[in-house]
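# Descriptive structure summary
Residues per chain, in single letters:
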Amino acid sequence: MSVIFEARIKNRGEGPHDWFIELTDTVDNRVEVCNNLEEFSEKIEKLGADYGGQIDEVKWFQDETITSEQYSEINAGMRKFEEELNNDSNDR
């Protein structure tokens, strides 16, 4: 069984911070709403724990109404999280 999550960036308004991520566990169709990247990190870890931390893939999607500013903010934040994860795993 492949553990695949879907992360869909959705729009709440026009401002660069008016977005959220709808995180779906495709194995059992659980859905979590993440209002920021910290919540996304916590919730994906929580969902992944049900599978021993083994997540095979996260498929990203975005609604058509996401602005370039919103996408840039999320993209920059995700790069920062990836760098932190890589630094943490190198420290072990």
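Right, let's get into unusual backbone geometry. Positioned with a positive phi, Asn29 is a non-glycine residue whose angle comes to about 65 degrees. Here Asn29 shows up in the loop between β2 (19–25) and β3 (30–34).

The subject of this paragraph is the packing of aromatic side chains. Tallied over the full model, the rule gives two aromatic pairs. On the numbers, 5.2 Å between centres and 45 degrees between planes, the contact of Phe40 with Trp60 is tilted. Here the residue Phe40 occupies a position in helix α1 (residues 37–49), and Trp60 occupies one in strand β4 (residues 57–62), the gap between them amounting to 20 residues.

What follows deals with the nonpolar core. Phe5, Ile21, Leu23, Leu37, Phe40 and Ile74 are the most contacted members of the largest nonpolar core, which has 16 residues in total. Listed by contribution, the elements that provide at least two residues to this core are β1 (4–11), β2, α1 and α2 (68–90). The biggest single contributor to this core is α1, with four residues. Once you skip the residues sitting within four places of it in the chain, Phe40 turns out to touch Ala7, Ile21, Leu23, Cys34, Trp60 and Met78.

Moving on, we get to the environment of Leu23. For Leu23, the position within the fold is in strand β2. Setting aside chain neighbours within four positions, we find Leu23 in contact with Phe5, Glu6, Ala7, Arg30, Val31, Glu32, Cys34, Phe40, Lys43, Ile44 and Leu47.

Taken in spatial order, the four strands of this open sheet run β3-β2-β1-β4, and their pairing is mixed. Whereas interior strands pair on both sides, the edge strands pair on one side only; in this sheet they are β3 and β4. If you compare each strand with its neighbour and ignore which way they point, the axes differ by 20 degrees on average. The pairing of β1 with β2 spans seven bridges and is antiparallel.

Criteria and cut-off values
- Residues numbered from 1 in each chain as written.
- Predicted model: local features only at pLDDT ≥ 70, side-chain atom pairs only at ≥ 80, totals over all residues.
- Heavy atoms only, no water.
- Helix = DSSP H or I, 4+ residues; strand = E, 2+ residues; numbered from the N terminus.
- Phe/Tyr/Trp six-rings, centres within 6.5 Å; stacked < 30°, edge-to-face > 60°.
- Core = buried A, V, L, I, M, F, W, Y, C linked by side-chain atoms within 4.5 Å.
- Buried < 20%, exposed > 50% of the residue type's maximum accessible area, 1.4 Å probe, protein only.
- Contact = heavy atoms within 4.5 Å.
- Pairing = 2+ DSSP bridges.
- Axes fitted to C-alpha atoms, helices over the stretch in contact; angles between N-to-C directions.

Taken by themselves, the reported measurements are silent on function.
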